[in-house]
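Architecture and fold: a report
The chain contents come next:
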Amino acid sequence: MKRRSFLQSVPVAVGGITVTAYGSSPLLEALSTSLSDTDRVLIIVQLNGGNDGLNTLIPLDQYASLTLSNIRQNILIPEDKVLKLGGTNDATGLHPSMTRMYDLYNNGKLSIIQGVGYPKFNYSHFRATDIWMSGSDSDKYVFSGWAGRYLGYEYPNYPVGFPNSVMPDPIAIRIGGNVLGLENQGVPMAVSITNTNDPLNLTGSLFQDAPGNNYMGKEIAFIREVQRQTDKFGDSVKAAADLGKNVSSLYPKASSDPGYLLGTQMAIVAKLISGGIKTRIFWVNTGGFDTHSAQVNSADHTAGTHANLLKGVSDVIGAFMDDAKLQGFEERIMGMTFSEFGRRIISNASGGTDHGAAQPMFIFGSKVVGGVLGKNPTIDPASTVNSNLPMQYDFRSVYASILGDWFCVEDAALDQILLKNFQKLPIVAPGSCIPTSVHEQNKELGENLVYAYPNPFVQSTKIKFETYGGHTMIQIINNEGSVIKTLVDKELQAGKYDVACDLEDAAAGIYYVRIQNKTLQQVKTLMKVNG
Amino acid sequence: MGSIKPYSGSFGKPELIHLLRRTLFGVSKSDLNYFKGRSLNQVVDQLIPATPNLPAPPVRAYYNNADPTKDNIEKVGTVDQVKWGETWVNTPYQTNFAANPYGYRGNNLKYWMTGMQLSQDRSVYEKMVLFFQTLLVTENSVVENPHSMYLTHTLYRKYAMGNYKQLIKDITLDPGMLRYLNGQLNTKSAPDENYGRELQELFTVGKGPGSGYTEDDVKAAAKVLTGWNVISSEKVNNVTMNIIPKRGFNKNNHDTNTKTFSAFYANTQIKNDTSITTFPSPFGSIEEYRAWLEIDQLIEMIFNTDEPSRYICRRLWNYFVYYDITPEIESEVIEPLAELFRLHKNDPDQLQIVLKALFSSDYFFKSEHRGCMIKSPTDFNVGMFRQFEFPLPNDSKLEAQYAMWNQVRSYVFNAGQDINDPPNVAGWPAYYQSPSFHEIWLDTSTYPQRKSAYESVAKNNYAFSFADATKVYDGVNSPSYKFAVKMNFVDFVKRFENPSDPNSLIDEAVELLLGGTVSQGVKDQLKTTYLLLGQSTDYYWTDAYEVYLANPNTTDPESKRVPSMLQDLFTYLMSAAEYHLC
């Protein structure tokens with residue numbers, strides 16, 4: 001049921017007043033938006049460790065090289081077991097354990113992008129993860145996340161004045177500890193909840209040992225309840241969880257099943273969405289992809305560690321999509337997988353693969369452009385241990401496509417969020433956008449504690465801010481997340497203030513102004529342009 | 001009835017941690033190492049010593065203008081009456097001072113209180129001082145005299161492990177208490193029952209099942225207590241000078257009639273004994289001495305009942321162990337402990353004996369009494385700084401030292417405990433308010449304050465820019481100038497047994513911060529999330545840590561983030577419900 005379209009076609013009774021839908025009444029727009037279930041949702045599935053893309057998305061036309069003993073003979077999937085993908089002339093296939101994602105592909109609900117990476121690769125798990133999360137160039141350190149910056153664009157006043165009647169829910173939910181990807185200039189844009197669903201513990205805590213049946217247990221239960229109540233989104237998340245459900249029978253059931261933990265996370269996501277939560281972004285993860293040794297069973301290369309990892313991801317995404325379809329929210333969701341890097345072309349002597357570069361990405365949802373984007377890599381029979389799959393698409397082009405075509409961010413703002421211009425790829429079905437009025441409204445939500453006027457500006461601007469009294473700090477932060485100026489750092493009476501901000505010596509580009517008033521923080525974007 | 005059952009089980013690390021968490025503000029790795037290998041008796045002997053000497057008093061570390069040439073807070077003309085770094089406790093304010101310093105001194109005393117807690121030695125002393133502050137309350141904001149507050153504190157300290165009855169006798173005529181509970185207004189013609197009531201209800205007898213004092217007893221006690229007042233000024237050479245407040249006595253205001261008490265007090269009669277004709281120092285008159293002897297009888301009469309012993313032992317159990325006093329605790333702990341309290345009621349080491357018995361008892365060590373106490377704001381915040389062995393400035397950086405003490409005090413204040421200003425005469429509700437008791441400390445407003453404090457401790461650079469270098473009170477080359485300090489988690493984990501092993505590091509961190517009841521599954525998740533950053537092989541941490549230790553300026557991308565990984569880990573550990581328990 002699409003509540004939004006329902007509202008636009010019939011009179012709505014609000015507080016005894018009947019409002020009939022005629023075009024663009026601002027009141028109706030606000031009402032219908034606040035009740036909307038047409039909001040777009042993105043689910044980010046992070047595969048920690050660096051997934052071996054060459055055994056995930058397999059170039060069947062390269063077997064002459066791949067089967068060589070000096071390439072990856074000891075881990076290669078037998079050609080006849082590979083799940084051949086339609087539309088590729090049988091040249092490309094999926095790992096045989098990925099049957100559910102294969103089904104999605106065959107139903108046009110999976111977009112596969114070959115060779116995603118970035119120039120000048122980094123092979124450290126941690127640095128590479130930061131690059132993927134921040135969306136920075138590999139030689140730049142950016143201390144905010146691409147999704148966090150998007151959320152800062154969509155909801156510029158967050159977290160001040162949130163939750164509110166229009167957005168009662170977290171704007172993003174991270175299942176597990178917080179990640180850089182969801183931070184915006186030091187402000188966490190996501191609410192963390194935990195990774196089990198029984199009971200749905202909402203304090204964002206890994207600390208879930210059941211309270212004992214003793215005094216300590218009594219106090220732990222008490223404190224956790226305080227923590228839950230303190231979490232200002234706790235009640236709305238719980239309300240959605242209580243209202244929502246999982247109806248798919250496909251989620252892994254036993255803790256020994258591949259993908260079990262990821263399944264519990266994705267089941268929470270499905271349950272919350274079906275319960276009407278309006279959260280934009282969910283971020284989940286699953287680990288173990290760092291397969292330096294024994295990634296396949298030596299007797300049967302289609303089985304073993306990596307096969308189970310891929311089966312887990314595929315089964316869970318399949319189950320989630322099944323849930324979404326059965327509950328009717330399939331058209332509202334889009335998901336993507338990413339890992340910090342792919343792995344090397346040549347396998348090692350321990351039957352594993354070492355840290356590599358480009359990787360395939362999977363985008364799932366009923367509104368994707370199904371198919372495989374990009375070409376099979378050419379595997380040189382003379383590859384060395386240092387050889388890597390070449391990059392075909394920049395990962396930020398994938399981000400740009402999702403932000404632009406799914407969340408409908410206009411091009412100029414896209415450049416700000418992604419720090420420069422990246423071309424979009426045909427990943428999202430045309431016409432999937434939500435009305436811009438939704439964004440216009442989101443922009444106004446919450447309380448506006450700080451902004452610059454004029455903005456954009458040439459040399460200097462004026463920062464206008466409001467403090468609730470007490471210690472107040474106003475900082476100017478550059479694109480890398482470094483504080484370049486502290487304009488205010490003192491005790492102030494509650495009230496509204498102006499402070500001059502001179503950036504004459506700074507290069508043109510994007511800056512941020514951040515206010516901190518005790519525990520309150522808010523960040524706004526500034527744009528310095530050449531005069 | 002017999003003596004309290006002593007603990008006879010093994011005294012290992014979990015028992016040591018339990019004992020230290022309850023007697024100290026926070027347990028550090030150094031504390032654990034210090035007591036390692038000692039027996040329960042040895043540890044208890046150290047933790048509960050005879051009452052120590054008074055610490056050095058608070059000193060001036062404040063000004064009313066950041067520019068010393070403009071500052072006049074302790075000045076007459078241009079002359080400092082209390083110099084920077086010297087104590088004010090012997091120098092009452094006089095009207096010729098450029099400004100009244102009592103507000104500054106009152107705050108200074110608060111910072112100092114927190115400072116004493118932060119720099120506590122390995123004994124229960126500071127926790128007992130705070131116990132008395134919630135039991136025998138006065139309030140800075142009511143007394144409005146820092147000298148009185150300091151004198152009352154001196155009594156708390158003097159009797160911390162001493163004789164409770166004598167403490168009550170002293171505090172009854174303490175100037176701060178005379179002012180706080182209207183003793184100074186209690187006269188023969190207009191009796192004020194305030195102190196007579198609280199003396200019985202809150203300080204000694206209590207309202208337990210065995211309590212039986214009557215309203216008439218309150219009135220009779222009030223009559224015994226008539227005639228006393230507070231002297232705050234004296235004429236010196238015909239000039240009225242403020243003095244450190246002291247008790248005074250006006251014989252015309254004292255009711256010399258015989259006071260008769262109820263059957264609860266064995267129908268005791270307290271008479272003004274006119275047969276006594278000589279008076280010792282420091283009494284100023286025979287009437288004053290006789291009135292004092294009435295008070296002495298009153299307090300002896302109260303302590304001749306069994307109730308004060310039970311009441312105080314319940315308060316001790318509540319303060320140090322848990323708030324739920326079951327019939328079993330009443331009969332197996334409170335009664336025998338109260339008997340011990342009574343047995344030693346005239347001994348100068350009474351509380352030392354009682355506390356030793358409590359902290360060596362079988363019931364104290366029962367598993368159900370471990371990790372179940374919600375930390376007070378003081379225990380949470382002071383304990384956090386002590387636990388992390390946070391590098392606080394010493395008194396060579398006086399300005400910074402008091403500023404940091406005030407910083408910690410403000411965390412305690414924000415979390416609902418205003419040191420030297422309990423909410424009312426009953427003290428903090430957490431110690432008496434049924435049925436929630438200690439749970440009162442935590443709610444949706446105080447919890448974020450605790451969270452904000454631990455996040456600050458983990459992440460803040462505490463920087464003080466005290467004016468400019470030529471205007472710093474500690475001196476021109478003051479070490480306080482631009483003093484800055486930040487938690488260093490690498491130094492912190494260096495004290496651990498084997499910090500390069502992520503499993504061992506997590507085990508020790510969890511044991512120290514959370515008391516070690518966290519499951520292996522959660523520990524594994526903590527390790528994977530914070531030390532392996534989602535990877536699954538232990539050597540990612542080991543390599544990174546060892547490279548970092550060898551070269552803290554390493555540019556290796558994994559290794560150089562070791563400090564922030566530890567910072568994130570410890571910040572996260574403090575988000576556990578268990579971190580609020582001790």
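Residues numbered from 1 in each chain as written. Chains lettered and ligands numbered in written order. Predicted model: local features only at pLDDT ≥ 70, side-chain atom pairs only at ≥ 80, totals over all residues. Heavy atoms only, no water.

Notes on the overall build of chain A
Counting its regular elements, chain A contains 13 helices and 23 strands. For chain A, with 531 residues in total, the buried portion stands at 59%. Residue pairs at least 24 apart in sequence account for 71% of intrachain contacts in chain A once pairs closer than 6 positions are excluded. Only carbon and sulfur atoms are counted for the fraction: they give 51% of the accessible area of chain A, which is about 20100 Å². (Helix = DSSP H or I, 4+ residues; strand = E, 2+ residues; numbered from the N terminus. Buried < 20%, exposed > 50% of the residue type's maximum accessible area, 1.4 Å probe, protein only. Contact = heavy atoms within 4.5 Å. Areas by Shrake-Rupley, 256 points an atom, 1.4 Å probe, with all protein chains shown as cover.)

Section: the state of the cysteines
Following the criterion strictly, the structure yields one disulfide over all chains and no others. What pairs with Cys408 of chain A in a disulfide is Cys433 of chain A, and their sulfur atoms sit 2.1 Å apart. Around the S-S axis, the bridge from Cys408 of chain A to Cys433 of chain A shows a dihedral of about -120 degrees and counts as left-handed. On the criterion of sequence distance, the pair formed by Cys408 of chain A in the loop between helix H11 (395-405) and helix H12 (411-417) and Cys433 of chain A in the loop between H12 and helix H13 (436-444) is long-range, its members being 25 residues apart. Judged by its relative accessible area of 40%, Cys433 of chain A falls in the partly exposed class. Here Cys313 of chain B stays unpaired: no disulfide links it, and the sulfur of Cys372 of chain B, its closest cysteine neighbor, is 18 Å away. (Disulfide = S-S within 2.5 Å.)

Focus on the side chain of Asn318 of chain B
Residues and elements named next belong to chain B. With respect to the helices and strands, the residue Asn318 is situated in helix H13 (residues 307-320). Residue classification places Asn318 among the buried positions, given a relative accessible area of 5%. Residue contacts for Asn318: discarding those within four places in its chain leaves Tyr323, Met373, Ala430, Tyr431, Phe437 and His438.

Topic: the interface of chain B and chain A
Across the contact, 46 residues belong to chain B and 35 residues belong to chain A. If you look at where chain B meets chain A, you find three salt bridges. Glu439 of chain B serves as the salt-bridge partner of Lys218 of chain A, at 3.1 Å between the closest nitrogen and oxygen. Inspection of the chain B/chain A interface yields 15 residue pairs in polar contact (both at pLDDT 80 or more). With five residues, helix H22 (residues 520-531) of chain B is the largest single contributor of residues to the side of chain B that touches chain A. Classifying every residue of the side of chain B that touches chain A gives 22 nonpolar, 15 polar and nine charged. (Salt bridge = Lys/Arg side-chain N within 4 Å of Asp/Glu carboxyl O. Polar contact = N/O pair within 3.5 Å; in protein donor to acceptor, adjacent residues only side chain to side chain. Nonpolar A, V, L, I, M, F, W, Y, C, P; charged D, E, K, R; others polar.)

A word on the packing of helix H5 (residues 125-135) of chain B against H13 of chain B
Helix-helix packing is characterised by the crossing angle of the two axes and by the distance between the axes. Residue and element names in this part refer to chain B. Relative orientation of the contacting elements H5 and H13 amounts to 120 degrees, with a least axis distance of 11 Å. As far as their axial angle goes, H13 and H5 are oblique. Viewed along their axes, H5 and H13 form a crossing whose handedness is right-handed. Of H13, the residues touching H5 (which contributes Lys127, Met128, Leu130, Phe131, Thr134 and Leu135) are Tyr311, Ile312, Arg315, Leu316, Tyr319 and Phe320. Of the residues belonging to the contact of H5 with H13, the class tally is nine nonpolar, one polar and two charged. (Axes fitted to C-alpha atoms, helices over the stretch in contact; angles between N-to-C directions. Parallel < 35°, antiparallel > 145°, perpendicular 65-115°, else oblique. Left-handed = near helix turned anticlockwise from the far one by under 90°.)

Section: the pairing of strand E17 (residues 450-453) of chain A
Residues and elements named next belong to chain A. Burial of E17 is one-sided: the residues Val450 and Ala452 facing one way are buried, the residues Tyr451 and Tyr453 facing the other way are not. When E17 meets strand E18 (residues 460-467), the two strands line up antiparallel, connected through four bridges. Bridging from a neighbouring strand, Ala452 pairs with Ile463 of E18. Where E17 hands over to E18, the hairpin turn is made up of six residues, counted between the paired strands. (Pairing = 2+ DSSP bridges.)

Let's talk about the pairing of strand E13 (residues 333-339) of chain A
Residue and element names in this part refer to chain A. With seven of its seven residues buried, E13 lies for the most part within the structure. The alternating pattern of E13 places Ile333, Gly335, Thr337 and Ser339 on one face and Met334, Met336 and Phe338 on the opposite face, and all of these are buried. Sheet topology places E13 next to strand E14 (residues 359-364); two bridges connect them, and they run antiparallel. Bridge pairing in E14 places Met336 opposite Ile363.

Details of the packing of aromatic side chains
Considering all chains together, one arrives at 63 aromatic pairs over all chains under this definition. Note on Phe207 of chain A and Tyr572 of chain B: the rings are 5.5 Å apart at their centroids and 20 degrees apart in plane angle, and the pair reads as stacked. Residue Phe207 of chain A is located in the loop between strand E11 (191-193) and helix H7 (215-230), and its partner Tyr572 of chain B is located in helix H24 (residues 562-573); the two belong to separate chains. Residue Phe207 of chain A shares its accessibility class with Tyr572 of chain B, and that shared class is buried. Relative to Phe364 of chain B, the ring of Phe359 of chain B lies with its centre 5.1 Å away and its plane at 90 degrees, an arrangement referred to as edge-to-face. (Phe/Tyr/Trp six-rings, centres within 6.5 Å; stacked < 30°, edge-to-face > 60°.)

Comments concerning unusual backbone geometry
Here the amide bond leading from Asn455 of chain A into Pro456 of chain A is cis, since omega sits at 5 degrees, within 30 degrees of zero. Among the secondary structure elements, Pro456 of chain A is positioned in the loop between E17 and E18. Cis geometry marks the peptide bond from Ser281 of chain B to Pro282 of chain B, where omega comes out at 10 degrees. Secondary-structure assignment places Pro282 of chain B in the loop between strand E6 (269-270) and helix H12 (286-303). At Ala266 of chain B, a position not held by glycine, the phi torsion is positive, near 60 degrees. Looking at the element boundaries, Ala266 of chain B is found in the loop between strand E5 (259-260) and E6. Phi is positive for Asn420 of chain B, close to 70 degrees, though the residue is something other than glycine. Tracing the backbone shows Asn420 of chain B in the loop between helix H18 (398-414) and helix H19 (446-459).

With respect to helix H7 (residues 146-158) of chain B
It helps to recall that an α-helix has 3.6 residues per turn; residues three or four apart then point in one direction. All names here are of chain B. Its 13 residues give H7 an end-to-end C-alpha distance of 18 Å, which sits within 8% of 18 Å, the value for a rise of 1.5 Å per residue. On its buried face, H7 is in contact with helix H4 (102-118), H5, helix H6 (140-143), helix H8 (164-172), helix H9 (175-180) and strand E4 (239-249). You can read the cap of H7 off the contacts: a side-chain oxygen lies 2.8 Å from the backbone nitrogen of His147, and it is on Asn145. (Expected span 1.5 Å × (residues − 1).)

Description of the environment of Tyr159 of chain B
All names here are of chain B. With respect to the helices and strands, Tyr159 occurs in the loop between H7 and H8. Linking Tyr159 and Pro52, residues 107 residues apart in sequence, is a C-alpha distance of 9.5 Å. Beyond its immediate stretch of four places on either side in the chain, Tyr159 contacts Thr51, Phe132, Gln166, Leu167, Asp170 and Leu351. Among the polar contacts made by the side chain of Tyr159, one reaches the side chain of Asp170 at a distance of 2.6 Å.

Things to note about the nonpolar core
Generally speaking, soluble globular proteins have nonpolar side chains that are buried together. Among the nonpolar cores identified, the biggest contains 191 residues, and Met128, Tyr164, Phe388 and Phe570 of chain B are the most heavily contacted of them. Among the elements that take part in this core, H12 of chain B stands out by supplying eleven residues, more than any other. (Core = buried A, V, L, I, M, F, W, Y, C linked by side-chain atoms within 4.5 Å.)

Focus on the layout of surface pockets
Residue and element names in this part refer to chain A. In this structure, the second largest pocket encloses a volume near 730 Å³. Lining the second largest pocket are 26 residues, with Pro156, Lys443, Asn455, Lys524 and Thr525 sitting closest to its centre. Secondary-structure elements contributing two or more residues to the lining of the second largest pocket are helix H6 (146-154), H12, H13, E17 and strand E23 (520-528). In terms of residue count, E23 provides more of the lining of the second largest pocket than any other element does, five residues in total. The residue makeup of the lining of the second largest pocket, split by class, is 13 nonpolar, eight polar and five charged. Per-domain counts for the lining of the second largest pocket show at least three residues from each of domain 2 (37-443) and domain 3 (448-528). (1 Å grid on protein atoms, 1.4 Å probe; cavity = no way out; pocket = protein on both sides within 12 Å on 5 of 7 lines; lining within 4 Å. Points joined across faces, edges and corners; volume = space filled by probe spheres on them. Domains from an automatic or database assignment.)

Points about the domain arrangement of chain B
Residues and elements named next belong to chain B. Domain assignment breaks chain B into domain 1 (13-47 + 309-364) and domain 2 (183-204 + 214-261 + 267-303). Contact with domain 1, which involves four residues of that partner, is made by five residues of domain 2. Counting the surface lost from both domain 1 and domain 2, the interface buries some 400 Å², and carbon and sulfur atoms represent 45% of this. Our enumeration of links across domain 1 and domain 2 arrives at zero salt bridges. Put simply, domain 1 and domain 2 have two residue pairs in polar contact (both at pLDDT 80 or more) between them. (Buried area = accessible area lost by both parts, 1.4 Å probe.)

Comments concerning the pattern of salt bridges
Should their charged atoms come close, side chains of opposite charge can pair. Counting across every chain of the model gives 54 salt bridges over all chains. Measuring nitrogen to oxygen at the nearest pair gives 3.8 Å for the salt bridge that ties Glu219 of chain A to Lys218 of chain A. Taking relative accessible area as the criterion, Glu219 of chain A reaches 0% and is therefore assigned buried. For Glu508 of chain B, the salt bridge goes to Lys29 of chain B, with nearest N and O atoms at 2.5 Å. Taken together, the residues Glu508 of chain B in helix H21 (residues 502-514) and Lys29 of chain B in helix H2 (residues 29-35) connect sequence positions 479 residues apart. As far as the burial class goes, Glu508 of chain B and Lys29 of chain B line up, both buried. Connected through salt bridges with shared partners, the residues Asp137, Lys140, Asp394, Arg396 and Lys420 of chain A form a single ionic network.

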